[in-house]
Amino acid sequence: MFGELFPEAVRYAELLADAGVKRGLIGPREVPRLWERHLLNCAVLSEVVPEGVTVCDVGSGAGLPGIPLALVRPDLKITLLEPLLRRTNFLQEVVELLGLDHVTVVRGRAEEVLGTLQPVQVVTARAVAPLDRLAGWGVPLLKPYGEMLALKGDTAEEELHGARAALSKLGVVETEVLQVGEGVVDPLSTVVRVVVGESPGGVRFAAKRAKAARTGRTRRRR
Ligand SMILES: C[S@@+](CC[C@H](N)C(=O)[O-])C[C@H]1O[C@@H](n2cnc3c(N)ncnc32)[C@H](O)[C@@H]1O
């Protein structure tokens, strides 16, 4: 799965098992299953990420799925977005130690970096929030016709069903549940894919963003 960057993947697994556990970023019980449940489970997301696009991994935590994705896909430009300083410090160290020049770490909450972060083609996320809330944070970060890929468990279909109205308001025009990782992970990883039309975040949001871009200003809330 990791090809030439397998040594870097091993280094990342070691960092998670050592500093990651000591600094409370990952539970000690995860250590024996780091490869299947975390590195591989996340790396297989690459099957559904288009070639050469910009990606924002929302709520990256200790770098999942962003770091495994970066290790298998040097063609991507990936931003790891995470609000907690303890986690962004770890992420920055990992990026430097592994020499991942195509990865940038940004500290912030998705809903707060809107307007400062360049819109991306793909948003990824795992274990951040229920789909309707996650979409409210992730979809507005997309470019027109971009897509959000959320790694979900058994509840994927149910969450998608419950989020339909919210997704439609956010300008989502297509949804599907995919299984990825054939021959790599068992069980397969489940991905909810939502694609936006020309107005990510919804028509009102798109109008606001376009106006801010024209005037070069964003109004601050008091
Ligand atoms: C349960 S952890 C999952 C971390 C990682 N994605 C994983 O799968 O191991 C959820 C992460 O989402 C981050 N988070 C929560 N709300 C967020 C928001 N509004 N914007 C960006 N990140 C957020 C948290 O700080 C935390 O690191």
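Here's a quick rundown of the structure.

What counts and what doesn't
- Residues numbered from 1 in each chain as written.
- Predicted model: local features only at pLDDT ≥ 70, side-chain atom pairs only at ≥ 80, totals over all residues.
- Heavy atoms only, no water.
- Helix = DSSP H or I, 4+ residues; strand = E, 2+ residues; numbered from the N terminus.
- Rg over C-alpha atoms; globule rule 2.2 N^0.38 Å.
- Buried < 20%, exposed > 50% of the residue type's maximum accessible area, 1.4 Å probe, protein only.
- Contact = heavy atoms within 4.5 Å.
- Areas by Shrake-Rupley, 256 points an atom, 1.4 Å probe, with all protein chains shown as cover.
- Lys, Arg positive; Asp, Glu negative; His and termini not counted.
- Charge placed at Lys NZ, Arg CZ, Asp CG, Glu CD.
- Pairing = 2+ DSSP bridges.
- Right-handed = clockwise from strand over helix to strand, strands pointing away.
- Near = heavy atom within 4 Å.
- Polar contact = N/O pair within 3.5 Å; in protein donor to acceptor, adjacent residues only side chain to side chain.
- Nonpolar A, V, L, I, M, F, W, Y, C, P; charged D, E, K, R; others polar.
- Phe/Tyr/Trp six-rings, centres within 6.5 Å; stacked < 30°, edge-to-face > 60°.

### Overview of the overall build of the protein
For step 1, the next point in the chain: Along the protein, the regular secondary structure elements total eight helices and seven strands.
For step 2, the next point in the chain: Computed over the C-alpha atoms, the radius of gyration of the protein is 17 Å, within 12% of the 17 Å expected from 2.2 N^0.38 for a compact globule of 222 residues.
For step 3, the next point in the chain: In the protein, buried positions account for 50% of the 222 residues.
For step 4, the next point in the chain: Considering only contacts within the protein whose residues lie at least 6 apart along the sequence, 66% involve residues at least 24 apart.
For step 5, the next point in the chain: Looking at the protein as shown, the accessible area adds up to about 11700 Å², and 50% of this sits on carbon and sulfur atoms.
For step 6, the next point in the chain: Averaging the locations of the 29 positively and 27 negatively charged side chains of the protein gives two centres separated by 14 Å.

### As for the pairing of strand β4 (residues 120-126)
For step 1, the next point in the chain: Most of β4 is tucked away: six of the seven residues are buried.
For step 2, the next point in the chain: As paired strands, β4 and strand β5 (residues 142-152) are joined by six bridges and run parallel to one another. From the neighbouring strand, Val 120 faces β5, where its bridge partner is Leu 142.
For step 3, the next point in the chain: Once you follow β4 into helix α6 (residues 131-138) and on to β5, the crossover reads as right-handed.

### Describing the site of the ligand
For step 1, the next point in the chain: Close to the ligand lie 16 residues; Gly 59, Leu 64, Glu 82, Arg 87 and Arg 126 are nearest.
For step 2, the next point in the chain: Within the backbone of Leu 64, one N or O atom sits 2.7 Å away from a nitrogen atom of the ligand.
For step 3, the next point in the chain: Between the ligand and Arg 87 there is a distance of 2.5 Å, counted from an oxygen atom to a side-chain nitrogen or oxygen.
For step 4, the next point in the chain: Here the ligand, which alone exposes 600 Å², has 80% of that area covered by the protein.
For step 5, the next point in the chain: Looking at side-chain class alone, the shell around the ligand contains eight nonpolar, three polar and five charged residues.

### Details of the packing of aromatic side chains
For step 1, the next point in the chain: Following the criterion strictly, the structure yields two aromatic pairs and no others.
For step 2, the next point in the chain: For the pair Phe 2 and Trp 35, a centre-to-centre distance of 6.0 Å together with 75° between the ring planes defines the contact as edge-to-face. Residue Phe 2 is found in the segment before α1 (6-22), and its partner Trp 35 is found in helix α2 (residues 34-43); the two are separated by 33 residues along the sequence.
For step 3, the next point in the chain: The exposure class assigned to Phe 2 is buried, which follows from its relative accessible area of 6%.
For step 4, the next point in the chain: Trp 35 gets classed as partly exposed once you look at its relative accessible area, which sits at 27%.
For step 5, the next point in the chain: Ring geometry for Phe 6 against Trp 35: centres 6.0 Å apart, planes inclined by 40°, an arrangement best described as tilted. With Phe 6 in helix α1 and Trp 35 in helix α2, the pair connects residues that are 29 residues apart, well separated along the chain.
For step 6, the next point in the chain: An aromatic cluster is present here, built from Phe 2, Phe 6 and Trp 35 joined pairwise through their rings.

Limitation: the analysis is restricted to geometry and does not speak to function.
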